[in-house]
Amino acid sequence: MRKTILITGGAGFIGSHVVRRFVKNYPEYNILNLDALTYAGNLENLIDIEKSLNYKFIKGDITDEVVVEKVFNDFPIDGVIHLAAESHVDRSISDPMAFIKTNILGTVVLLNAAKQHWKGNFEGKLFYHISTDEVYGSLGDEGLFTEETAYDPRSPYSASKASSDHLVRAYHHTYGLPVVISNCSNNYGPNHFPEKFIPLAINNIKNGKPIPVYGKGENVRDWLYVEDHAAAIDLIFHKGEPGDTYNIGGNNEWKNIDLIKLLCTIMDTKLNRATGESEKLITYVKDRAGHDLRYAIDSTKLQKELGWTPSLQFEEGLTKTVDWYLSNQKWLDDIVSGNYQQYYNEQYQNR
Ligand code: NAD
Ligand code: TYD
């Protein structure tokens, strides 16, 4: 029997890399991609695999019970890999409700459908929930988030993801639903929507526009190349222990300002600019409200138990990312020519 895997949010940044990996590596699986195509969803991300025989796209909203019920009725779903979410912290500050709806309500709609359709017969079934390190809160200069770190979310985005994590675990403990959760650090790479720091900076540097750095640029993030995250998801989906949590991280901490300076150096070379030219675009702007100081992940459990390691060094990954954006001008232009301009003006005009 072929396995049928439902991937939610597969038209987004990370989801598209997960869909591609599963479609290509597992021709014996049927891969369904359920995505509402919000501003962040883009089928262009999947153009290379959209005609694959083992792939089907379904446009639909995970908060809509009728839609989700129909998907579970129409297809014999064995596994769910749940990535659909509102994902940008700044948007969660200006419009929390969209995050509550999709991230919390949408997750419960999916959990209910899995619970009802699997009817207590959980053999070969798995509900895999993709979460973030931001649920653990903010670190000082020392320490790392482990799977035992207490939750302390501090933005509407991280609070909505923490809520969904709790609900996924509650369905495991209460109903026996086989679930697994992973909490990953900041991803970067191709297809990243240019509201996020790295692709926004690449776009602005290319166009000679100011690079907005929040506060003093001292905040620290742990960056992981998106394909390494997709590889970890593949491994955890197949080998993870039901009921368990796995932290995924790049062991790659960067202060925002240092990251941007490295990016500027790479861009100077790629754009044949004089060394130091792009750095002149760095502009310190008003800080994000409640800006978490530092995230850093301890991924020892995943490395020891399942044998995962990140494959790329940061400079190599960042160079690959820049190359992708410079050679996918149409992808970027299509996005920044739409509603993006209005979003950008609203976010940045008073900073
Ligand atoms: P993204 O914003 O790029 O993509 C989200 C996708 O979900 C889009 O295709 C969008 O159309 C879809 N979507 C949104 N609301 C929906 C709804 N109601 N119904 C159906 N589809 C909907 O996000 P991303 O960066 O790819 O993140 C994917 C997942 O990984 C999220 O759950 C996020 O919390 C998690 N995560 C992201 C990062 C990161 O650095 N980007 C790190 C750790 C975890
Ligand atoms: P972001 O890509 O939004 O990811 P997250 O907030 O989920 O970590 O931001 C990464 C870091 O970059 C974060 O510390 C906020 C900062 N940042 C800026 O300095 N300027 C910007 O324009 C953006 C979008 C983010």
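Residues numbered from 1 in each chain as written. Chains lettered and ligands numbered in written order. Predicted model: local features only at pLDDT ≥ 70, side-chain atom pairs only at ≥ 80, totals over all residues. Heavy atoms only, no water.

**Notes on the site of ligand 2**
- Contacts to ligand 2 come from 18 residues, most closely from Glu 134, Arg 221, Arg 288, His 291 and Tyr 348.
- A distance of 2.8 Å separates an oxygen atom of ligand 2 from a polar atom in the backbone of Tyr 214.
- Here Arg 288 contributes a side-chain N or O atom positioned 2.5 Å from an oxygen atom of ligand 2.
- Bound to the protein, ligand 2 loses 97% of the 510 Å² it would expose on its own.
- Secondary structure elements with two or more residues in the shell around ligand 2: helix H3 (89-94) and strand S8 (211-214). (Near = heavy atom within 4 Å. Polar contact = N/O pair within 3.5 Å; in protein donor to acceptor, adjacent residues only side chain to side chain. Areas by Shrake-Rupley, 256 points an atom, 1.4 Å probe, with all protein chains shown as cover. Helix = DSSP H or I, 4+ residues; strand = E, 2+ residues; numbered from the N terminus.)

**Overview of helix H8 (residues 256-270)**
- In this model, H8 (15 residues) spans 21 Å end to end at C-alpha, consistent with the 21 Å of a helix rising 1.5 Å per residue.
- Among the residues of H8, those classed as buried are Asn 256, Ile 257, Leu 259, Ile 260, Leu 262, Leu 263, Cys 264, Ile 266, Met 267 and Asp 268.
- Looking at the buried positions of H8, the neighbouring elements they touch are helix H6 (197-206), S8, strand S9 (220-225), strand S11 (253-255), strand S12 (282-285) and helix H10 (314-327).
- Trailing H8 by a residue or two, Asn 272 shows a phi angle of about 55°, which is positive. (Expected span 1.5 Å × (residues − 1). Buried < 20%, exposed > 50% of the residue type's maximum accessible area, 1.4 Å probe, protein only. Contact = heavy atoms within 4.5 Å.)

**Re the site of ligand 1**
- If you check the shell around ligand 1, you find 28 residues, and the closest are Ile 14, Asp 35, Ser 87, Tyr 157 and Lys 161.
- Gly 12 has a polar backbone atom sitting 2.9 Å from an oxygen atom of ligand 1.
- One of the backbone N or O atoms of Ala 36 is found 3.0 Å from a nitrogen atom in ligand 1.
- When residues of the shell around ligand 1 are traced back to their parent elements, those giving at least two are helix H1 (13-25), strand S5 (126-132), helix H5 (156-175) and strand S7 (186-188).
- Considering each element in turn, the shell around ligand 1 owes the most residues, three residues, to S5.

**Some points on unusual backbone geometry**
- At Leu 37, a residue that is not glycine, the phi angle is positive and equals roughly 55°.
- With respect to the helices, strands and loops of the structure, Leu 37 is situated in the loop between strand S2 (29-35) and strand S3 (55-59).
- Positive phi is not limited to glycine here, since Lys 119 has a value of about 45°.
- Within the fold, Lys 119 resides in the loop between helix H4 (96-118) and S5.
- Assessed through its relative accessible area of 69%, Lys 119 is described here as exposed.

**Re the sheet that holds strand S1 (residues 3-8)**
- If you walk across this open sheet you meet the seven strands as S3-S2-S1-S4-S5-S6-S10, and the pairing is parallel. Unpaired on one side and paired on the other, S3 and strand S10 (245-248) mark the two borders of the sheet. Sheet twist, expressed as the average angle between the axes of neighbouring strands with direction ignored, equals 20°.
- Lying over the sheet, H1 contacts S1, S2, S3 and strand S4 (79-82), oriented at roughly 165° with respect to S2.
- Along the sheet face, helix H7 (residues 226-239) touches S1, S2, S4, S5, strand S6 (179-184) and S10 and points at about 145° away from the line of S5. (Pairing = 2+ DSSP bridges. Axes fitted to C-alpha atoms, helices over the stretch in contact; angles between N-to-C directions.)

**Observations regarding the environment of Asn 30**
- By secondary structure assignment, the location of Asn 30 is in strand S2.
- Residues Asn 30 and Asp 323, spaced 293 residues apart in sequence, show a C-alpha to C-alpha distance of 32 Å.
- In terms of polar contacts, Asn 30 uses its side chain to reach the side chain of Arg 2, at 3.0 Å.

**Topic: the sheet that holds S9**
- As summarised here, the arrangement of the three strands in space is S7-S9-S11, forming an open sheet in which the pairing is mixed. Of all the strands in the sheet, just S7 and S11 have a single pairing partner and so form its edges. Between one strand and the next, the sheet's axes are offset by a mean angle of 50°, whatever the strand orientation.

**A word on the nonpolar core**
- Ile 198, Ile 211, Ile 260, Leu 263, Phe 314 and Leu 318 are the most contacted members of the largest nonpolar core, which has 36 residues in total.
- Mapped onto this core, the elements with two or more residues apiece are H6, S8, S9, H8, S12, H10, helix H11 (329-336) and helix H12 (340-348).
- Beyond its immediate stretch of four places on either side in the chain, Leu 318 contacts Tyr 188, Ile 198, Leu 262, Leu 263 and Ile 266. (Core = buried A, V, L, I, M, F, W, Y, C linked by side-chain atoms within 4.5 Å.)

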